[in-house]
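Summary of structural features
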Amino acid sequence: IRVYDRIPAGANVIAVNFAKPPTDNLPVRQAIQAVLNIDEIMSVATDGFYKLNPCWIFADNKFYPKDTSKLVYNMGDQDRAKALLKQAGYKGEEIIMLTSADIVGLKEAAVVASEEMKAAGMNVRMDVFDWPGMTARRTDPTTHNLFSSGYGIQPLLGPFEYRRFYSGADNWSYSKPDAVMDQAWDRLFAATNDDDRARIYAEIEYRINQQVYQLKLGDSGVKQASTAALQNFTPYDGVRLWDDWLA
């Protein structure tokens, strides 16, 4: 048997609902962002098979931002979170974390993130469903504040796969129109060269991070296995048998 590591292969994320208090309040969202210890979350969610990455695309993508130092990520800072909660006037309002038990890594990420938030003084409740039940509730902005999920193909394909998650009437954060975000997407799709596309996409990454539309956790991997007789196999996101043969 041969075992192949494919990493990165996907991304763990937590979408943040702007429509339901208290995550309609930016300092509350920033407090959640500040308290998360991504290494701790991803170590549990992936059995240690992950890479840190604050961005929504994989690091080898030609549009990957050149400067990620502006992004708030992997702080694990309870004091900062508590200060932001005080600034927000947070009074212990319930924060509902939605997830599914059908994909173990998503639930485990939600469990660890919830405990980190509780340690900073947040009142967190986890609602766990099967995948269809979770998906149905995700589409109702009155049911949750946070949604532990993941992306598979989007981080591989790149920036142009993401607009619907952050912009427009059906965005996952249920945010009101954001002129800065919407105009950036318009400019990205209108750009005629890769240098301009990369520069504009970096602006979008910063906007997502600053407004805490979603919380990027990390990039996860998958393991694939084959008989030792299989030759010339290259791991991919799915099993792709191109130009392979048995010895």
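Now for a look at the structure at hand. Since this is a predicted model, take the numbers as computed values, not measurements.

Let's shift gears to the pairing of strand β4 (residues 123-129). Examined bridge by bridge, strand β3 (residues 94-100) and β4 share seven bridges and lie parallel to one another. If you follow Glu-94 over to β4, its bridge partner there is Asn-123. Handedness of the β3-helix α4 (residues 104-119)-β4 crossover: right-handed.

Turning our eyes to something else, we now look at the pattern of salt bridges. Considering all chains together, one arrives at 13 salt bridges under this definition. With a shortest N-O distance of 2.6 Å, Asp-186 and Arg-163 are connected by a salt bridge. Of this pair, Asp-186 sits in helix α8 (residues 179-190) while Arg-163 sits in helix α7 (residues 163-166); the two residues are 23 residues apart in sequence, bridging distant segments of the chain. The partly exposed category is assigned to Arg-163, whose relative accessible area is 25%. A salt bridge links Arg-197 to Asp-194; its shortest N-O distance comes to 2.7 Å. Of this pair, Arg-197 and Asp-194 both sit in helix α9 (residues 194-211), three residues apart, which is roughly one turn of the helix. With relative accessibility at 31%, the residue Asp-194 sits in the partly exposed group. Bridged by salt links that share partners, the residues Glu-94, Arg-125, Asp-127 and Arg-137 form one connected network.

Compared with the 16 Å implied by 1.5 Å per residue over 12 residues, the 16 Å span of α8 between its first and last C-alpha is a close match. Here α8 has its buried residues at Met-181, Ala-184, Trp-185 and Leu-188. Buried residues of α8 fall within an arc of 100° about the axis and therefore sit on the same side. Against the buried residues of α8 lie α7 and α9. The opening residue of α8 is Asp-178, an N-cap whose side-chain oxygen sits 3.1 Å from the backbone nitrogen of Val-180.

Residues Leu-36, Ile-41, Met-97, Met-117, Met-122, Leu-146 and Leu-217 are the most contacted members of the largest nonpolar core, which totals 33 residues. Sorting the residues of this core by element identifies β1 (2-16), α1 (26-35), α2 (38-45), α3 (78-88), β3, α4 and β6 (214-226) as the ones contributing at least two each. Setting aside chain neighbours within four positions, we find Leu-36 in contact with Ile-41, Asn-74, Met-75, Gly-76, Ala-113, Glu-116, Met-117, Leu-215 and Leu-217. Listed in part, the 25 residues of the second largest apolar core include Phe-147, Ala-191, Ile-200 and Ile-208.

Turning our eyes to something else, we now look at unusual backbone geometry. Ile-7 connects to Pro-8 through a cis peptide bond whose omega is 5°. The residue Pro-8 is located in strand β1 in this model. Residues Pro-21 and Pro-22 are joined by a peptide bond in cis, for which omega reads 5°. Here the phi dihedral of Tyr-174 falls at roughly 55°; this positive angle occurs in a residue that is not glycine. Within the secondary structure, Tyr-174 is located in the loop between α7 and α8. Phi is positive for Asn-232, which is not a glycine, with a value near 70°.

The next thing to look at is the side chain of Glu-205. For Glu-205, the position within the fold is in helix α9. Buried charge Glu-205 goes without a salt bridge, the closest partner of opposite sign being Lys-216 at 7.3 Å. Within the local environment of Glu-205, its side chain forms a polar contact with the backbone nitrogen of Trp-56, the two atoms lying 2.9 Å apart. Apart from residues no more than four positions distant in its own chain, Glu-205 is found in contact with Pro-54, Cys-55, Trp-56, Ile-57, Pro-65 and Leu-71.

This next bit is on the sheet that holds β3. Adjacent strands of a sheet form backbone hydrogen bonds with each other and so pair up, either parallel or antiparallel. Strand order in the open sheet made by the six strands is β2-β6-β1-β5-β3-β4, with mixed pairing throughout. Two strands close off the open sheet at either side, each with one partner strand: β2 (50-51) and β4. Where α2 meets the sheet, it contacts β1, β2 and β6, and its direction lies at approximately 30° from that of β6.

Counted according to the given criterion, the structure contains 16 aromatic pairs. Plain terms: the ring middles of Phe-18 and Tyr-213 are 4.9 Å apart, the flat faces sit at 35° to each other, and that makes the pair tilted. Of this pair, Phe-18 sits in the loop between β1 and α1 while Tyr-213 is found in the loop between α9 and β6, placing the two residues 195 residues apart along the sequence. A single burial state applies to Phe-18 and to Tyr-213, both of which are buried. Measuring from ring centre to ring centre gives 5.9 Å for Trp-56 and Tyr-166, while their planes differ by 65°; the resulting arrangement is edge-to-face. Taken together, the positions of Trp-56 in the loop between β2 and α3 and Tyr-166 in helix α7 put the pair 110 residues apart, joining distant regions of the chain. Its relative accessible area of 3% is what places Trp-56 among the buried residues. Assessed through its relative accessible area of 1%, Tyr-166 is described here as buried.

Rules of the game
Residues numbered from 1 in each chain as written. Predicted model: local features only at pLDDT ≥ 70, side-chain atom pairs only at ≥ 80, totals over all residues. Heavy atoms only, no water. Pairing = 2+ DSSP bridges. Helix = DSSP H or I, 4+ residues; strand = E, 2+ residues; numbered from the N terminus. Right-handed = clockwise from strand over helix to strand, strands pointing away. Salt bridge = Lys/Arg side-chain N within 4 Å of Asp/Glu carboxyl O. Buried < 20%, exposed > 50% of the residue type's maximum accessible area, 1.4 Å probe, protein only. Expected span 1.5 Å × (residues − 1). Arc of directions from axis to C-beta. Contact = heavy atoms within 4.5 Å. Polar contact = N/O pair within 3.5 Å; in protein donor to acceptor, adjacent residues only side chain to side chain. Core = buried A, V, L, I, M, F, W, Y, C linked by side-chain atoms within 4.5 Å. Lys, Arg positive; Asp, Glu negative; His and termini not counted. Axes fitted to C-alpha atoms, helices over the stretch in contact; angles between N-to-C directions. Phe/Tyr/Trp six-rings, centres within 6.5 Å; stacked < 30°, edge-to-face > 60°.

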